[in-house]
Protein chains: 4
Amino acid sequence: MGISIGILGATGYTGSELIRLLHLHPDAEITYLSSRQYNGKPISDVLEYLQGYCDRILEEFEPSVIAARCELVFSCLPHGTSMEFISQIIDRVKVIDLSADFRLGDAALYRAWYQDHTAPALLAEVVYGLSEVYRAEIRGARLVANPGCYPTSALLPLIPLLQAGIIETAGIIIDSKTGVSGAGRGLTLKAHICETGESFSAYKVGRFHRHIPEIEQELSKAAGSPVTVEFTPHLIPISRGMLSTIYVQTEADVSALRDVLNSFYSDSPFVKVLCDGFPATKDVRGTNRCIIGLCKNDETGRGILISAIDNLTKGASGQAVQNMNIMCGFPEARALDSMPLFP
Amino acid sequence: MGISIGILGATGYTGSELIRLLHLHPDAEITYLSSRQYNGKPISDVLEYLQGYCDRILEEFEPSVIAARCELVFSCLPHGTSMEFISQIIDRVKVIDLSADFRLGDAALYRAWYQDHTAPALLAEVVYGLSEVYRAEIRGARLVANPGCYPTSALLPLIPLLQAGIIETAGIIIDSKTGVSGAGRGLTLKAHICETGESFSAYKVGRFHRHIPEIEQELSKAAGSPVTVEFTPHLIPISRGMLSTIYVQTEADVSALRDVLNSFYSDSPFVKVLCDGFPATKDVRGTNRCIIGLCKNDETGRGILISAIDNLTKGASGQAVQNMNIMCGFPEARALDSMPLFP
Amino acid sequence: MGISIGILGATGYTGSELIRLLHLHPDAEITYLSSRQYNGKPISDVLEYLQGYCDRILEEFEPSVIAARCELVFSCLPHGTSMEFISQIIDRVKVIDLSADFRLGDAALYRAWYQDHTAPALLAEVVYGLSEVYRAEIRGARLVANPGCYPTSALLPLIPLLQAGIIETAGIIIDSKTGVSGAGRGLTLKAHICETGESFSAYKVGRFHRHIPEIEQELSKAAGSPVTVEFTPHLIPISRGMLSTIYVQTEADVSALRDVLNSFYSDSPFVKVLCDGFPATKDVRGTNRCIIGLCKNDETGRGILISAIDNLTKGASGQAVQNMNIMCGFPEARALDSMPLFP
Amino acid sequence: MGISIGILGATGYTGSELIRLLHLHPDAEITYLSSRQYNGKPISDVLEYLQGYCDRILEEFEPSVIAARCELVFSCLPHGTSMEFISQIIDRVKVIDLSADFRLGDAALYRAWYQDHTAPALLAEVVYGLSEVYRAEIRGARLVANPGCYPTSALLPLIPLLQAGIIETAGIIIDSKTGVSGAGRGLTLKAHICETGESFSAYKVGRFHRHIPEIEQELSKAAGSPVTVEFTPHLIPISRGMLSTIYVQTEADVSALRDVLNSFYSDSPFVKVLCDGFPATKDVRGTNRCIIGLCKNDETGRGILISAIDNLTKGASGQAVQNMNIMCGFPEARALDSMPLFP
């Protein structure tokens, strides 16, 4: 046996990625899947490739059923809905929330970027689920806010350097590129293969993307003082993969920067700092890894850090399973040590 | 512990796919990797994404080392070379050959399509490794010829129907489409993303592709009489995936055809016959599955069968691991039950 | 100056392709663009890349305005709507209909595959716009039904051979593959890059695709007797391009087949019959060409013909402009002689 | 008739793009194509899609033949070779060099980044062919150095702002992304569809890319003082398209920045500054346009400029034809006003 798992909003990309990862987990068993749109159907009618792997019937959200059937719940609901549903079950099960609802510690900040927060009381206890940084807090948590994909790709290279005081807090630029699955399974022209295939573009340029306050909140904590970043997201015509090119001001040379990162991540199986060279998104496809390459440009006095993650795995459902492992006392890498699908 | 495994020619796409699959196998351990081109280097210098997963040094082919270190060897060498090397080790280890060298039972036929056969004595004992069809023979085999990707995609739907005598032996047309990884990691204009991306084409149209005699050999065995097929391969601008659209003449209706297939594959975990609808290659990406959809066109009296496999997994290395499982008495699906990487 | 042109339903892919082609036409000027959804906006607000090329305001459909402003109208409306609108303007302007509404000569056949025909009286005069076959009739036509993309790709290789009686009328199989733009700009999961990219699949397998009666109507005319075909469409993960692999029974050798095609198309600038080899869709990307390669398999007695077109150009808007050129007495290739965009 | 044109090294991507563009030019006629590798063959044997468009025989480089047959020559030769060949013909024909050989005005700088310069005497007269900036000098030039693709995408947005003194000269960061065709038709793993498709990565991170001195040379001229930039190139898994995301420090607001650009490019048909929003590479596919979007982030005091070009057209052969038009007194946009191929 193992722990019994529920997934709310199971038919989107983060839900299906959880099902893929948990399928290989010896200590976890899916006992509940919810879907408002498709309730009553087997999930394999909605995601046909699941036939024979997972044919469980999708159910409507029902707190008492969840309490009876699940020990831990992943919420893949959209923000707004997620906090409403979670507040009805959090007294009875552990929850890992993949939405943005509990990532910002301050309800006013949440309101400024999203909407009114309907469960502010929970903000006091929620743990931000960047596994490598908050491992100790996650261990005892009842409610974990799983980080956004862009924040994960930016925070893992930056937090150790800011904590060590080895880079400046000002002038950080994060130029990020993501595969289209980050935008979900919804139907938009942006996801139409004829509009997005064979093209490349930026979006929400300036100070518009909702991952900005999440990034700044965590960098400010690491630096011990307010950090403001420049953040520009771009769309790559692929399904999976995220690469962030990060520019920082620093007096330190590349060895010093690398030493800080290596030391910080010495016990973290999923963060890999390259000795030389830079990662491609294919190196992490389908894995929970974050690979970081870095260099120093002596002409400009700037350090350049490049991180690659799979936006659906380490950027979402993989990190969620990693957090489940930590919360439940399983080995941190359980079910997460597959190699990338190459080519 | 477990069985000790060697891979000859480990740095190509079938070699790296074996490494990916065996990484999840609890009963197999890679103890030897050969590469003529890169010997002396860690394989993770050649395939950088392997860093931290598999950093074993590549070695030159050396029979005595293989005999001392391996119980079973996969050969991913090119045809011609493969039979030469295998004949030097087959007395000491079990071998699964992913090349074409031992697929044709008749040395004269091999000569007609390839070149002189240099190990014809082994043809008497080799077992053709189409797992679902030759399971019993594979169990006791010392040398298994792993099928080609196109043959796998064509034979799995056709063999049961020909054995049952429910379709005609004449007039079979196999219109196949493959991802580019089937052509290997070698550098050719055909694999250049600017030449092949955003395009689609046929190749070796007519009676030229070397998988034709392999397909006809096995179909003739199943039918009990000579079968000649029309076979047209096409190139899809993707890495992985193979879809064969197969036209057959038959008096039977679709239920009768489906019953034959379902009955034949009732104990085969990897062959899935759809109740309705047709598969896409994404449904099998990275998996060892073969999914078959079918229908009958009453206007034309023709049955249409569509099979989807991942050319590198069920079409090559996945089936090779399946054969290893059968040869070694492991559960047939061990290390092969991952879900497809979706999306 | 030149002829004044209107486009109904201008914001979809066939509409935008017409605008692209007519932009290079010295004798045609767009004077009217309609859109129900976006009327009142500049088309360059809907298709932003048009800024500076075409900023004309989209208007609602209004027959009197069209009559006053246009000499020839292209209808890119969906079937059903198209015939309704065309019947209101056909007495005053020439029309080329890119929908399916006037392709089938028989209203009962149209009803069987689509719906009731609301303008059956026009069926008597409409000319089927396969330019190379009906050039003479198109010249004097008032209403031209522009062929479907699949029919164009299948009919151009087959009609000359059936007319010449050099292939059998029975047993024709058309295995076609298309880029996603053929399905239009509408939002469906089929067009979502995460669902369709890196995948390949068939659809409407059996006797379901609405292009079947159109193909059979024209092949039957060419053969002088009823022809029934097997037709299987597939989806390629690219925007543009269509390739049809066609299997026919024939006693003739490849030279005889090629001679018939070359002779038929000797005065047709857009149909190119290869001396050897087979086309790729990239060879025709963005052009009005149809390239045909062929061979004979002597083992099976079958001829194989492979045609490549751009589904939006020769398969839709390019052929429509070609028909306009013929109807208006312009050189047939005017504005249509651009080279493919390579790579 | 028109001007007679030769192309050296005609079979690569910049050569074939020149052929595509010149095909639509009423005043230019190709009279000579050279290829060392394929001389003696029709170019349509090497690039098969050219059959019927351009079947000219490829010839070996021979100065006297060129002098007799051509008035203007485009060199698509690799750097090093290009200057050697050009110095043999420059006294007899006008030359536009698409290689890097004459882009750096200083032979020592060329040596530092490339190799010894073998034709330094020509550096005194060469004109840097950024058409919109050096239009007057190009008009009378005998030898034009066509800019690199990355420099074109970076210089067009930056030069006007630096000339106007409205942005700071320090702290400029250029984060660029290119399609794979920029690396040419040569065979490398980087261009293998299985390695580069469905992936994204940076390369030559730090101060390594040879376009850096070219960018800095021109920015320094514009600023009137030395400018050092941060430049990071990335590879997009598409054929064509380049997008540069450029970060600058400025006191000015977005209107002021936009006014400077609009004023500078008021007479330039190919540079389009957006009123709002940002370009995608598909908006310029196959065209000679450079589209620029921009904004100001008031929190960080930074301006962000995003430029999109087609790396083979405005980034290479299109700009070369534009320069030919200027040198020869043709309208600047002749043969270059096609719309993008969409979708």
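1. Overview of the overall build of chain A
Okay, step 1: The secondary structure content of chain A amounts to 11 helices and 13 strands.
Okay, step 2: Its C-alpha radius of gyration of 19 Å places chain A within 12% of the 20 Å reference for a compact globule of 343 residues.
Okay, step 3: Taken over the C-alpha atoms alone, chain A extends approximately 60 × 45 × 40 Å along its principal axes.
Okay, step 4: Buried residues in chain A amount to 61% of all 343 residues.
Okay, step 5: Sequence separation of 24 or more characterises 70% of the internal contacts of chain A that already satisfy a separation of 6 or more.

2. Topic: the relation of the copies chain B and chain A
Okay, step 1: At an RMSD of 0.0 Å, chain B and chain A line up after a rotation of 180° and a shift of 0.0 Å along the axis. Classification of the inter-copy transformation places it as that of a two-fold axis.
Okay, step 2: Interface overlap between copies: 100% of the residues of chain B at the interface are likewise at the interface in chain A, consistent with a symmetric, same-surface contact.

3. Here we look at the sheet that holds strand β13 (residues 302–309) of chain A
Residues and elements named next belong to chain A.
Okay, step 1: Here we have 7 strands laid out as an open sheet, ordered β8-β9-β7-β10-β13-β12-β11, and mixed in their pairing. The strands lining the two open edges of the sheet, one partner per strand, are β8 (201–202) and β11 (271–273).
Okay, step 2: Where strand β7 (residues 173–178) meets strand β10 (residues 242–249), 6 bridges bridge the pair, whose relative direction is antiparallel. Across the sheet, the residue bridging to Thr178 is Met242, located in β10.
Okay, step 3: Across the face of the sheet, helix α10 (residues 254–264) comes into contact with β11, β12 (290–297) and β13 while running at roughly 160° to β12.

4. Regarding the interface of chain D and chain A
Okay, step 1: Residue-level contacts link 36 residues of chain D with 36 residues of chain A.
Okay, step 2: At the level of secondary structure, the elements contributing two or more residues to the side of chain D that touches chain A comprise β7 (173–178), α8 (193–196), β8 (201–202), β9 (230–235), β10 (242–249), β12 (290–297) and β13 (302–309) of chain D.
Okay, step 3: Looking at side-chain class alone, the side of chain D that touches chain A contains 17 nonpolar, 10 polar and 9 charged residues.

5. Section: the interface of chain B and chain A
Accessible area lost upon the coming together of the parts serves often as the stated size of an interface.
Okay, step 1: Chain B puts 23 residues into the contact, and the matching count from chain A is 23 residues.
Okay, step 2: Among the elements that line the side of chain B that touches chain A, the one with the most residues is helix α1 (residues 13–22) of chain B, at 3 residues.
Okay, step 3: In terms of residue class, the side of chain B that touches chain A is made up of 9 nonpolar, 8 polar and 6 charged.

6. Brief notes about the relation of the copies chain D and chain A
Okay, step 1: It takes a turn of 180° to lay chain D on chain A, together with a shift of 0.0 Å along the axis; the resulting RMSD is 0.0 Å.
Okay, step 2: Mapped onto chain A, 100% of the interface residues of chain D are again interface residues, and the two copies thus contact each other with one and the same surface.

7. Remarks on the sheet that holds strand β11 (residues 271–273) of chain D
By definition, the strands of a sheet pair up through backbone hydrogen bonds, in either a parallel or an antiparallel sense.
Okay, step 1: As summarised here, the arrangement of the 7 strands in space is β8-β9-β7-β10-β13-β12-β11 (chain D), forming an open sheet in which the pairing is mixed. Here the strands that pair on one side only, and so sit at the sheet edges, are β8 and β11 of chain D.

8. Some details on helix α11 (residues 313–328) of chain A
All names here are of chain A.
Okay, step 1: Helix length check: α11, at 16 residues, gives a terminal C-alpha distance of 19 Å against a target of 22 Å (1.5 Å per residue), a shortfall beyond 12%.
Okay, step 2: Along its length, α11 shows its largest kink, about 45°, at Gln319.
Okay, step 3: Just beyond α11, the residue with positive phi is Gly329, at close to 75°.

9. Some points on unusual backbone geometry
Outside of glycine, negative phi angles account for most residues, and trans bonds account for most peptide bonds.
Residue and element names in this part refer to chain B.
Okay, step 1: Here Phe342 and Pro343 are connected by a cis peptide whose omega angle stands at -5°.
Okay, step 2: Of note in the backbone geometry, Lys204 takes a positive phi value of approximately 50° without being a glycine.
Okay, step 3: Here Lys204 lies in the loop between β8 (201–202) and α9 (211–223).
Okay, step 4: Taking the C-beta count within 10 Å as the criterion, Lys204 has 15 such neighbours and is therefore assigned partly exposed.

10. Description of the environment of Ala100 of chain A
Residue and element names in this part refer to chain A.
Okay, step 1: Position of Ala100 relative to the elements: it lies in the loop between β4 (94–97) and α5 (107–113).
Okay, step 2: Put simply, Ala100 and Gly80 are 20 residues apart on the chain and 8.5 Å apart in space, counted from C-alpha to C-alpha.
Okay, step 3: Discounting residues that sit within four places of it in the chain, Ala100 has contacts with His79, Tyr114, Gly148 and Arg210.

11. Focus on the domain arrangement of chain A
All names here are of chain A.
Okay, step 1: Along its sequence, chain A is organised into domain 1 (3–125) and domain 2 (149–311).
Okay, step 2: One C-alpha centre belongs to domain 1, the other to domain 2, and the line joining them spans 27 Å.
Okay, step 3: The interface of domain 1 with domain 2 comprises 9 residues on the first partner and 7 residues on the second.
Okay, step 4: Within the side of domain 1 that touches domain 2, the residues separate by chemical class into 6 nonpolar, 2 polar and 1 charged.

12. Some thoughts on the pairing of strand β3 (residues 72–75) of chain D
Residue and element names in this part refer to chain D.
Okay, step 1: Summarising the sheet, strand β1 (residues 3–8) and β3 pair through 4 bridges and their orientation is parallel. When the bridges of β3 are listed, Ile7 appears paired with Phe74.
Okay, step 2: Assessed by its sense of winding, the connection that carries the chain from β3 through helix α4 (residues 81–89) to strand β4 (residues 94–97) is right-handed.

13. A word on the confidence of the model for chain A
Okay, step 1: Scored by pLDDT, chain A comes out at a mean of 97, with 100% of its residues at no less than 70.
Okay, step 2: The ipTM for the predicted assembly is 0.97, set against a pTM of 0.98.

14. Things to note about the pairing of strand β3 (residues 72–75) of chain B
Sheet faces and side chains relate simply in a regular strand, where the side chains alternate between the two faces.
Okay, step 1: As judged from the 4 bridges shared by β3 of chain B and strand β4 (residues 94–97) of chain B, these two strands associate in the parallel manner. Residue pairing for β4 of chain B: Val73 of chain B is matched across the bridge by Val95 of chain B.

15. Observations regarding the environment of Glu137 of chain C
Okay, step 1: When you line up the elements, Glu137 of chain C lands in helix α6 (residues 135–139).
Okay, step 2: Taking the C-beta count within 10 Å as the criterion, Glu137 of chain C has 14 such neighbours and is therefore assigned partly exposed.

16. Focus: the packing of helix α1 (residues 13–22) of chain C against helix α11 (residues 313–328) of chain C
All names here are of chain C.
Okay, step 1: Where α1 contacts α11, the two axes come as close as 9 Å, and the packing angle between them is 50°. Taken as axis vectors, α1 and α11 run oblique relative to one another. Crossing of α1 against α11: the hand is right-handed. On α11, the residues that touch Thr14, Glu17, Leu18, Leu21 and Leu22 of α1 are Thr313, Ala316, Ser317, Gly318, Ala320 and Val321.

17. Points about helix α6 (residues 131–139) of chain B
Okay, step 1: For α6 of chain B, the full list of buried residues reads Ser131, Glu132, Val133 and Ile138 of chain B.
Okay, step 2: Turning to α6 of chain B, the residues buried within the fold contact β5 (127–128), β6 (143–145), α7 (149–163), β11 (271–273) and α11 (313–328) of chain B.

18. Section: the environment of Gly40 of chain D
Residue and element names in this part refer to chain D.
Okay, step 1: Along the chain, Gly40 turns up in the loop between β2 (28–34) and α2 (43–46).
Okay, step 2: Residue Gly40 is classed as exposed on the basis of its C-beta count, with 10 C-beta atoms lying within 10 Å.
Okay, step 3: Beyond its immediate sequence surroundings of up to four residues, Gly40 is in contact with Ile57 and Leu58.

Scoring rules and cut-offs
Counting restarts for each chain: residues are numbered from 1 in the order of the written sequence. All chains are assigned letters beginning at A, and all ligands numbers beginning at 1, according to the order in which they are written. Only residues with pLDDT of at least 70 get local features here, since the model is predicted, and only at 80 or more are side-chain atom pairs given and counted; chain-wide, interface and lining totals rely on the full set of residues. Elements are defined by DSSP. Helices are runs of H or I of four residues or more, strands are runs of E of two residues or more, and each kind is numbered from the N terminus. Radius of gyration: C-alpha atoms only; globule rule: 2.2 Å multiplied by the number of residues to the exponent 0.38. Here a residue counts as buried when 20 or more other C-beta atoms fall within 10 Å of its C-beta, as exposed when 12 or fewer do, and as partly exposed in between; the C-beta atoms come from the backbone. Residues are defined as contacting one another if the C-beta atoms placed from their backbone atoms lie within 7 Å. In superposing the copies, a least-squares fit is computed on C-alpha atoms, taking residues whose pLDDT is at least 70 in both. We treat two strands as partners when DSSP finds at least two bridges between them. Under this scheme, a helix contributes an axis fitted over its contacting stretch, all axes are lines through C-alpha atoms, and angles between N-to-C directions fall in the 0 to 180 degree range. As a working rule, the residues Ala, Val, Leu, Ile, Met, Phe, Trp, Tyr, Cys and Pro are called nonpolar, Asp, Glu, Lys and Arg charged, and the rest polar, with Gly in that last group. Here a helix's expected span is defined as the number of its residues, less one, multiplied by 1.5 Å. To obtain the bend at a residue, axes are fitted to the seven residues ending there and to the seven starting there, and the angle between these axes is taken. For the domains described, the bounds stem from an automatic or database domain assignment. Note on handedness: a crossover is taken as right-handed if, strands pointing away from the viewer, the path from the first strand over the helix to the second is clockwise. pLDDT runs from 0 to 100 and stands for how confident the predictor is about each residue. Roughly parallel means an angle under 35 degrees; roughly antiparallel means over 145; roughly perpendicular covers 65 to 115; every other angle is labelled oblique. The crossing is said to be left-handed when, going from far helix to near helix, the turn is anticlockwise and less than a right angle, and right-handed when the turn is clockwise.

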